Amino acid sequence: AQKITQTQPGMFVQEKEAVTLDCTYDTSDQSYGLFWYKQPSSGEMIFLIYQGSYDEQNATEGRYSLNFQKARKSANLVISASQLGDSAMYFCAMRDISVEYGNKLVFGAGTILRVKS
Amino acid sequence: DAGVTQSPTHLIKTRGQQVTLRCSPKSGHDTVSWYQQALGQGPQFIFQYYEEEERQRGNFPDRFSGHQFPNYSSELNVNALLLGDSALYLCASSSLGALMDYGYTFGSGTRLTVV
C-alpha cells in the first residue's frame, strides 16, 4: 500500500525567505506520480507541482521546486521568496499512474505554513 | 472555463439522516473522485466514478454511495449519518483517458456538520 509521511505539523518562515516542506513516501510500484497541493482556509485544493517517478530532473513551477530523491523516497517542496499569501496548509500526495488503478490520490497529513512579516 | 463546482457549500444534518452532495466536473474531464477530509487531516479517498460506474473504492462503509450521470456530474450519498461523518467533502475531476494528465482539479468542497 502506498503511504505519504509529512513529519512537520507546522512551520514558520520569514517573508522573502525560502522554506522546505518535507515529504517521504512508501510504495512498491516503479511507476508513480508525486504532487504538492496548497489548501488555504477556503478549502479548495490548489495544484502546485508534479514529479513523475521517471522524471530525471527536479520539477520547478515558478517559486516552487520539488527536491526529488528517489533512492531516499523523498519529495520535498521548496518555496522560494515566501510571501504572506503562502500561509496555508500544504499536502504531499501520491498517485499510481498504471491504468488499472485509476487516478486515486493518497495524501499525507499536511503541514501548516505560516509566513511572518 | 469553469472548474469543479460543488453544492451545497455548507450543510448541517442530524444523526441518522441522509445527505446528498453534488459535483460538476471541469469541462473536458470524465472522471470524478470523492474525498473526505476530517478537520486537521489529509483527504481520504472515498471512491471514483468513470463511465457511470464505480471504478475504485477506498475504505469506507456501504453507507457511502455515489452515482455518475451521462454528463459526468456526480453525487455522493451518505445514509444513517454519524457524528464522525462531519468533514469537508472534496470532489476532484480528471481525465482517465490521459495517463500522463496530472491535472486534477478540485472543487472548494462541501462542509458537512452532523449534530
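Residues numbered from 1 in each chain as written. Chains lettered and ligands numbered in written order. Predicted model: local features only at pLDDT ≥ 70, side-chain atom pairs only at ≥ 80, totals over all residues. Heavy atoms only, no water.

A.B. asks: What is the right way to look at the side chain of Ser-33 of chain B in this model?
C.D. replies: Residue and element names in this part refer to chain B. Examined against the element boundaries, Ser-33 turns out to sit in strand S4 (residues 31-37). When its relative accessible area of 2% is taken as the criterion, Ser-33 is described as buried. Here the side chain of Ser-33 touches Gln-48 through a polar contact of 3.1 Å, side chain to side chain. When near neighbours in sequence (up to four residues on either side) are disregarded, Ser-33 contacts Phe-45, Phe-47, Gln-48, Leu-90, Cys-91 and Ala-92. (Helix = DSSP H or I, 4+ residues; strand = E, 2+ residues; numbered from the N terminus. Buried < 20%, exposed > 50% of the residue type's maximum accessible area, 1.4 Å probe, protein only. Polar contact = N/O pair within 3.5 Å; in protein donor to acceptor, adjacent residues only side chain to side chain. Contact = heavy atoms within 4.5 Å.)

A.B. asks: Help me out: how do you make sense of the environment of Asn-71 of chain B in this one?
C.D. replies: Residues and elements named next belong to chain B. Examined against the element boundaries, Asn-71 turns out to sit in the loop between strand S7 (64-68) and strand S8 (74-78). Separated by 40 residues in sequence, Asn-71 and Thr-31 place their C-alpha atoms 11 Å apart. Within the structure, the side chain of Asn-71 is placed 2.7 Å from the side chain of Ser-73, a separation counted as a polar contact.

A.B. asks: Before we go on, may I ask you to explain the state of the cysteines in this structure?
C.D. replies: Under the defined criterion, the tally for this structure stands at two disulfides over all chains. Disulfide partner of Cys-23 of chain A: Cys-92 of chain A, at an S-S distance of 2.0 Å. Sign of the S-S torsion, about -60° for the bond between Cys-23 of chain A and Cys-92 of chain A, identifies this disulfide as left-handed. Of the two residues, Cys-23 of chain A is situated in the loop between strand S3 (19-21) and strand S4 (24-26) and Cys-92 of chain A in strand S10 (residues 88-96); the sequence distance between them amounts to 69 residues. Grouping residues by exposure puts Cys-23 of chain A and Cys-92 of chain A together as buried. There is a disulfide in this structure between Cys-23 of chain B and Cys-91 of chain B, and the S-S distance comes to 1.8 Å. An S-S torsion of about -65° defines the bridge between Cys-23 of chain B and Cys-91 of chain B as left-handed. Of this pair, Cys-23 of chain B sits in strand S3 (residues 19-24) while Cys-91 of chain B sits in strand S9 (residues 87-94), and the two are 68 residues apart along the sequence. (Disulfide = S-S within 2.5 Å.)

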